[in-house]
Amino acid sequence: MKSIISGLHLKFAEKTWNETFQLVRRCMDKPKDESKPCQLLVRSLERLQEVVTVSSMNTMRSRLEMIAKQQGMGFHITEATCYLTADLFYLEVVLLPCGGTKEVKVAPHGGFPVPSESLLQPLRSKHFAEFSGKLADLFTQYNIPGDNESKLKLFASLQCLGKDLEQISHLPRLPKDSDPQADMINNGRIGCLIAGKEDSPMKIQFYITPTDGMKTSDLQMTETVVQAAQVIVGASDVTHMLQMASVIPQPPQLDAQGHPVFLTLSEAPHEALPACFLLKLQPAIPMTLSFVKKLSHITDVAIPDVDLQWAPLPKLLMRRSRANGHGETLDEQDIICTVPLPGGVMHSYILPGDAWEVPALRGTVVDSVPFAHPARVPALLDLLRHQCAINTLLRSCITSQCAGTDLACDLHFEVLPESETSFSVTFHRPDVDSLAVLLVNVSGLHQITCTLFGAGIGEASLDEYLSTVMKRFMSVPVTLRTLYSKLEKITSAPFSPSRPATTEAENDHSAPSSTAVMDTNGALTTLSQSAAVPEVSFSVSGSSVDKSELSELLPEINTSPAVNPYPFDPVGVSHSMTNSGQLSELT
């Protein structure tokens, strides 16, 4: 074998790449199995094309042919034009004699070719991997299952769905955020809708991390993340009734609660087809078991669990955070991460593996959500936003931007689950030699509350203040840094009796709720807590924080209580408070 290889090396040592290239192609034209070319030759051809400089029309044709075959598409040539064909669309690539690209057009089934700038630029720059990736997305957009008749019906149904979603996105609503773009993404009925084109599917941006408040602050430590979903069609093991016309009455109407009115499928043309619509999540979202079940409950379409792999939610989040920082595992169970903050402060967070291993808190990475009617989309997006809010807060404890692994940490925190939508953070208080617990309850994207438990801590306004910080920055470390600053002020300030909590008589515009706290003797008492932040100073055991200080830390905060725009609550779960064992330890 060595002598054969040596002979081949000598034979082709003086031959050009193009001659070797043509030899491999001739070998591929005569495979032993006519239905399947030799994979070794295919890989050899791919490797050769990766190193050959594209400097002529022939080499560009060969490169495009290889990319088309990789995507399962047909390939044809007429003079200077290459055609990459699929069942429901084709590409026209007009080449120049030097191997450059003059024009790229996309033609959907039954439509006229339309120029595509997003596909033209990678070819002109000879970035073939980028072009191949964009072509894969395009192929997925038109990769509709079934025979030719079913493909055409599903393609028409998908176009009807897109038009209905566009109508929903244009319906009037009251803004909730000062930033129009963030308001549309986080609060829009359909998020921020990006209409589909011939070369790209419809996309919905439905969640963005609220980092706008950090632009002028030293708290800028998180990257803005936009969660999106492509709207496509996917195969299904069972048939579903899908629309073949609009299911929105004309003109569009809103019900008494301000939600869009839809027709049932029995009131509009429809077809029973072996497929369903999909929200293809970009990126995929780690979700707990209960949230996966709620998705199916909203849509009445089961999420296939064949390829789902289950693991504790923090570990799923950590897999996506390792590229951004430093984290380590202890006995492959506990997660320990260091998080740097401005000013050289270093936090250490531990998430005990045993606590997060319970079945109810195990999760999986969901990459697509099936549905069959556009009326389900607003509730689906609301539930996805809810999970994204939980993930964002937990990821803020896991993500680290440290370069080293032996950095000393100033403060240490333990993060424990309390329910499927709440968790607690236990830490050592800076003002006294005892522990405190911050309970974080995430009832929804805009329903995030913080409750502080500890001996001698019983100030409702402090809980409201921390809740405001948490909702503004969506960061546990930032909120805890703020809390530490307040507790240190308590230590340095002269002692004075705490201001009584706001009562219903003092503020008849807010509905009070009872909050369990501890007095200085460690006994549990009940305080009345306002639902909205009143226009008074925040008094914390003799240390007051006026509105100017709050405005300096949190510019343009809207402290009005959030209102859920959707009457259907897919969650419907109870949120437990910190367990009695933790409370007893604090006394």
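Reading the values: the criteria
Residues numbered from 1 in each chain as written. Predicted model: local features only at pLDDT ≥ 70, side-chain atom pairs only at ≥ 80, totals over all residues. Heavy atoms only, no water. Helix = DSSP H or I, 4+ residues; strand = E, 2+ residues; numbered from the N terminus. Buried < 20%, exposed > 50% of the residue type's maximum accessible area, 1.4 Å probe, protein only. Contact = heavy atoms within 4.5 Å. Areas by Shrake-Rupley, 256 points an atom, 1.4 Å probe, with all protein chains shown as cover. Disulfide = S-S within 2.5 Å. Pairing = 2+ DSSP bridges. Axes fitted to C-alpha atoms, helices over the stretch in contact; angles between N-to-C directions. Salt bridge = Lys/Arg side-chain N within 4 Å of Asp/Glu carboxyl O. Expected span 1.5 Å × (residues − 1). Core = buried A, V, L, I, M, F, W, Y, C linked by side-chain atoms within 4.5 Å. Parallel < 35°, antiparallel > 145°, perpendicular 65-115°, else oblique. Left-handed = near helix turned anticlockwise from the far one by under 90°. Nonpolar A, V, L, I, M, F, W, Y, C, P; charged D, E, K, R; others polar. pLDDT = per-residue confidence, 0-100.

1. Structural notes on the overall build of the protein
For step 1, the next point in the chain: When helices and strands are tallied, the protein shows 16 helices and 22 strands.
For step 2, the next point in the chain: For the protein, buried positions account for 48% of its 587 residues.
For step 3, the next point in the chain: Partitioning the contacts of the protein with sequence separation of at least 6, the portion at a separation of at least 24 is 64%.
For step 4, the next point in the chain: Entry remark: accessible area of the protein is about 28600 Å², with carbon and sulfur atoms responsible for 53%.

2. What about the state of the cysteines?
For step 1, the next point in the chain: A complete count under the given rule lists 0 disulfides for this structure.
For step 2, the next point in the chain: Looking at cysteine 337, it has no disulfide partner, and the nearest cysteine sulfur is the one in cysteine 397, 9.0 Å off.

3. Section: the sheet that holds strand E5 (residues 114-115)
For step 1, the next point in the chain: Spatially, E1-E2-E3-E4-E5 is the arrangement adopted by the 5 strands of the open sheet, whose pairing is antiparallel. Here the strands that pair on one side only, and so sit at the sheet edges, are strand E1 (74-78) and E5.
For step 2, the next point in the chain: Against the sheet, helix H5 (residues 117-124) engages strand E3 (89-95), strand E4 (101-108) and E5, with an angle of about 145 degrees to E4.

4. Overview of the sheet that holds strand E10 (residues 311-312)
For step 1, the next point in the chain: The strand order across the open sheet formed by 6 strands is E6-E7-E8-E9-E14-E10, and the pairing between neighbours is antiparallel. On the outer flanks of this sheet lie strand E6 (192-194) and E10, each paired with one strand and no other.
For step 2, the next point in the chain: Summarising the sheet, E10 and strand E14 (residues 362-371) pair through 2 bridges and their orientation is antiparallel. Bridged to alanine 311 within E14 is glycine 363.
For step 3, the next point in the chain: In the packing of helix H12 (residues 377-398) onto the sheet, the strands contacted are strand E7 (202-208), strand E8 (226-243), strand E9 (270-288) and E14, and the crossing angle to E9 comes to about 15 degrees.

5. Points about the pattern of salt bridges
Between side chains of opposite charge, a pair can form when the charged atoms approach closely.
For step 1, the next point in the chain: Counted according to the given criterion, the structure contains 8 salt bridges.
For step 2, the next point in the chain: For glutamate 271, the salt bridge identified is with lysine 153, shortest N-O distance 3.7 Å. Taken together, the positions of glutamate 271 in strand E9 and lysine 153 in helix H7 (residues 148-169) put the pair 118 residues apart, joining distant regions of the chain.
For step 3, the next point in the chain: Residue classification places lysine 153 among the partly exposed positions, given a relative accessible area of 24%.
For step 4, the next point in the chain: In this structure, aspartate 183 and arginine 173 form a salt bridge, with 2.8 Å as the shortest nitrogen-oxygen distance. Here aspartate 183, found in helix H8 (residues 180-187), pairs with arginine 173, found in the loop between H7 and H8; they are 10 residues apart in sequence, far enough to count as distant.
For step 5, the next point in the chain: In this structure aspartate 183 comes out as buried when scored by relative accessible area, which is 5%.
For step 6, the next point in the chain: When salt bridges that share partners are traced, they join Glu149, Lys153 and Glu271 into one network.

6. Focus: H12
For step 1, the next point in the chain: In a regular helix each residue adds 1.5 Å, so 22 residues correspond to 32 Å; H12 covers 31 Å between its end C-alpha atoms and thus fits that length.
For step 2, the next point in the chain: With 20 of 22 residues buried, H12 is to be regarded as a mostly interior element.

7. Concerning the nonpolar core
For step 1, the next point in the chain: Counting 115 residues, the largest nonpolar core has Leu91, Leu165, Ile204, Phe206 and Phe427 as the members making the most contacts within it.
For step 2, the next point in the chain: Excluding anything up to four places from it in sequence, leucine 91 contacts Cys82, Tyr83, Leu84, Val104, Lys105, Val106, Leu119, Phe131, Leu135 and Leu138.

8. A few points about the pairing of strand E12 (residues 334-341)
For step 1, the next point in the chain: For E12, the tally of buried residues reaches 6 of 8 residues, placing the bulk of the element in the interior.
For step 2, the next point in the chain: Pairing between E12 and strand E13 (residues 345-351): 7 bridges, direction antiparallel. For isoleucine 336, the partnering residue across the bridge sits in E13 and is isoleucine 350.
For step 3, the next point in the chain: Between E12 and E13, which pair antiparallel and follow one another directly, the connecting turn spans 3 residues, one of which, glycine 343, has a positive phi of 90 degrees.

9. Section: the packing of H5 against helix H6 (residues 128-142)
For step 1, the next point in the chain: Orientation of H5 relative to H6, taken along the N-to-C sense of each, is 155 degrees, at an axis distance of 7 Å. Considering the angle they form, H5 stands roughly antiparallel to H6. H6 is crossed by H5, and the crossing has left-handed handedness. Residues Ser118, Leu119, Pro122 and Leu123 of H5 lie in contact with H6, whose contacting residues are Phe128, Glu130, Phe131, Lys134, Leu135 and Leu138.
For step 2, the next point in the chain: Here the residues of the contact of H5 with H6 are counted per class, giving 7 nonpolar, 1 polar and 2 charged.

10. Considerations on the confidence of the model for the protein
For step 1, the next point in the chain: Per-chain confidence: the protein averages 78 in pLDDT, with 72% of residues scoring 70 or above.
For step 2, the next point in the chain: This stretch, residues 212-221, has a pLDDT under 50; its non-local contacts, to residues over four places away or in other chains, come to 23 contacts.

11. Description of the pairing of E7
Sheet faces and side chains relate simply in a regular strand, where the side chains alternate between the two faces.
For step 1, the next point in the chain: In terms of burial, E7 is a largely internal element, 6 of the 7 residues being buried.
For step 2, the next point in the chain: Bridge count for E6 against E7 is 3 bridges, and the pairing is antiparallel. Directly across from cysteine 192, in E7, lies its bridge partner glutamine 205.

12. Things to note about the environment of leucine 438
For step 1, the next point in the chain: Inspection of the secondary structure assignment puts leucine 438 in strand E17 (residues 435-442).
For step 2, the next point in the chain: Residue leucine 438 is classed as buried on the basis of its relative accessible area of 0%.
For step 3, the next point in the chain: Separated by 45 residues in sequence, leucine 438 and leucine 483 place their C-alpha atoms 9.6 Å apart.
For step 4, the next point in the chain: Among residues more than four places away in sequence, those in contact with leucine 438 are Phe423, Ser424, Val425, Phe427, Cys450, Thr451, Leu452, Leu466 and Leu480.

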